[in-house]
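So the chains spell out like this:
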Amino acid sequence: MDGHLAYEEQVLQSGNGRTTPIQGLRAYRTAAAQFQVGDKSFQVQLRPEVTRLAFYMAEGQFTIFSPENPLTRDELDLLDVIANSILLDQLLPAQPVSMGFSWEIPDEALPGLLGLESITENTLQGRITQITQGFAEAEVSGKVQGRVMGATSQMQVAMRFQWSLMDRRVTALALALRDNRTAGYVDSPFQGTVRLQLTRQRRPEPQLLTPGKIPTLTFPPPEEQTRLVFRSSSGGFQIVHDRRWYVVTDAPDMVVFRLVDQRGLLGQCNLARSDFQGTAQLTLAAFQNNVRQTLGNSFGQFLGADEMESPTGHRLLRIHALGRTDDLKIHWIYYLLGSPRGGYYAAVFTVDDLSWPLFEEADRKFMEGFHFLEPTAATATGSSSAMSR
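Conventions and cut-offs
- Throughout, residues of each chain are indexed from 1 in the direction in which the sequence is written.
- The predicted origin of the model limits local features to residues at a pLDDT of at least 70 and limits the giving and counting of side-chain atom pairs to 80 or more, whereas totals for whole chains, interfaces and linings rest on all residues.
- Calculation of side-chain values draws on the structure's entire complement of heavy atoms; hydrogens and water are dropped beforehand.
- Each helix corresponds to a stretch of at least 4 residues labelled H or I by DSSP, and each strand to a stretch of at least 2 residues labelled E; elements are numbered beginning at the N terminus.
- We call two residues in contact when some of their heavy atoms are within 4.5 Å.
- Salt bridges are defined by distance alone: a side-chain nitrogen of Lys or Arg within 4 Å of a carboxyl oxygen of Asp or Glu.
- The pairing criterion for strands is at least two bridges between them, as found by DSSP.
- Here an axis means a line fitted to C-alpha atoms, over the contact stretch when the element is a helix, while the angle between two N-to-C directions is reported on a 0 to 180 degree scale.
- The definitions used throughout rest on a 1 Å grid laid over the protein atoms alone, on which a cavity is an enclosed set of points accommodating a 1.4 Å probe that cannot get out and a pocket is an open set flanked by protein within 12 Å on both sides along at least five of seven lines; lining residues are those having an atom within 4 Å of a point.
- Grid points are joined across faces, edges and corners, and a volume is the space filled by probe spheres set on the points.
- Note on residue categories: nonpolar means Ala, Val, Leu, Ile, Met, Phe, Trp, Tyr, Cys or Pro, charged means Asp, Glu, Lys or Arg, and polar means any other residue, Gly included.
- Each residue is placed in one exposure class: buried if its accessible area under a 1.4 Å probe, protein chains only, is under 20% of its type's maximum, exposed if it is over 50%, and partly exposed if it falls in between.

Break down the side chain of Gln225 for me, citing the residues and quoting the values.
One can find Gln225 in helix 3 (residues 223-226). When neighbours within four sequence positions are excluded, Gln225 is seen to be in contact with Phe65, Ser66 and Pro67.

So this is what it looks like as structure tokens:
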């Protein structure tokens, strides 16, 4: 992957991002990356309608969001990168420095800089290598181990950076990082090398963040501004969803999402066209009977059955069943959503009983964000079933 980001950044409230939140704005001039996977290549770039964004960091969690139009997961991954520019100054030593001075990089500075949720081991040390004309240069090296998305990450880190002694701002950074990561809740294990170069300078007058182009902001951001959008052209739908939902399978016949946060894997959703046909003849009782047959010996009892209207005005059936698989209690929540083109879409949410108190009816919010796309040749044909365990 070869990426390039160029942006203006305005900090509206400074802090350490832990006890004191950081708030600010970004406007991107360039945000694009080229990917090569085997013999296939593709590009991800920021859409023009989401080039002006805001960011918020509190309790060690960095959130970049679009106040006006939701980001896609690819766009979020493109923007939320290591060596976050608002956190670079946390690398600096607190004491006055001289040639050869060394210091330890604190654990609390690393999660946001390295894209980790928590730090379990840290041997990073900095050393002053040059002081000249109001600037100091330093080298940092060592190992970092941490956790992210259920995976363990072991990093070998080396970086060099320069900062202004007058205003204590990092102005340039070069980083090389080797990451050996185990499998997580949404990713396979991998080994990778990251090389990053960054320059940072003050701008006397904004060129992109001019007053007339700054959106109305609220901090912390409201939930609706942090949601992401997933669009399936082949499936004929889009979903605006909580960013804790990750796509782990995106195939023409089925999309699989997993709900993941720092507490772990909370649930899964399989979404596809249903084998059921028609929009009126299927009764709630018939749907319940189908769910019972699908679950077979795993079925225990029904905890709910509802017929309602979706936010887009389409018929929506919901069945909540409790059962058991391999001595583990499982909640299954089945949805059938009437399609304007005839037939149904099916969504099956699976949640184990231990995660159920944390799931907090995330299925309802997920389905509220479901919208149909205008019919195309790609969406007018084909169907598959999500009615599986």
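So, the pattern of salt bridges: which residues are in play, and what are the values?
Proximity of charged atoms lets side chains of opposite charge pair with each other. As enumerated under the stated definition, the model contains 18 salt bridges in all. Measuring nitrogen to oxygen at the nearest pair gives 2.7 Å for the salt bridge that ties Arg47 to Glu75. In this pair, Arg47 sits in the loop between strand 3 (40-45) and strand 4 (52-58) while Glu75 sits in helix 1 (residues 73-79), placing the two residues 28 residues apart along the sequence. A salt bridge links Arg244 to Asp242, with the nearest nitrogen and oxygen atoms 3.0 Å apart. Several salt bridges converge on common partners, so that one network encompasses Asp242, Arg244, Asp261 and Arg263.

Would you mind going over the sheet that holds strand 22 (residues 370-372) in detail, with residue names and values included?
Taken together, three strands build an open sheet; the order of strands is 13-14-22 and the sheet is antiparallel. At either end of the open sheet lies a strand with only one pairing partner, and these are strand 13 (228-232) and strand 22. Each adjacent strand pair in this sheet contributes to an overall mean axis angle of 20°, direction not counted. One ladder, built from three bridges, connects strand 14 (residues 237-241) with strand 22; its direction is antiparallel. For Ile239, the partnering residue across the bridge sits in strand 22 and is Phe370.

Which residues make up the pairing of strand 15 (residues 245-251), and what are the values?
Of the pairings in the sheet, the one linking strand 15 to strand 16 (residues 254-261) comprises six bridges and is antiparallel in character. Across the sheet, residue Ala251 finds its bridge partner in strand 16, namely Met254. Counting the residues between successive antiparallel strands, the hairpin from strand 15 to strand 16 contains two residues.

Now, about the layout of surface pockets: what can you tell me, with residues and values included?
In this model, the second largest pocket occupies a volume close to 510 Å³. Along the walls of the second largest pocket sit 17 residues, with Thr72, Arg73, Val229, Phe230 and Arg231 positioned nearest its centre. Looking at the lining of the second largest pocket element by element, the count peaks at four residues for strand 15. Residues of the lining of the second largest pocket, tallied by class, amount to seven nonpolar, four polar and six charged.

Which residues make up unusual backbone geometry, and what values go with them?
With omega at -10°, the peptide bond leading from Phe219 into Pro220 counts as cis. The residue Pro220 is located in the loop between strand 12 (190-199) and helix 3 in this model. Even without being glycine, Met149 reaches a positive phi, approximately 50°. Its place among the elements puts Met149 in the loop between strand 9 (135-148) and strand 10 (151-164). Even without a glycine there, the phi angle at Arg168 is positive, about 50°. Looking at the secondary structure, you find Arg168 in the loop between strand 10 and strand 11 (169-181). A relative accessible area of 37% places Arg168 in the partly exposed class.

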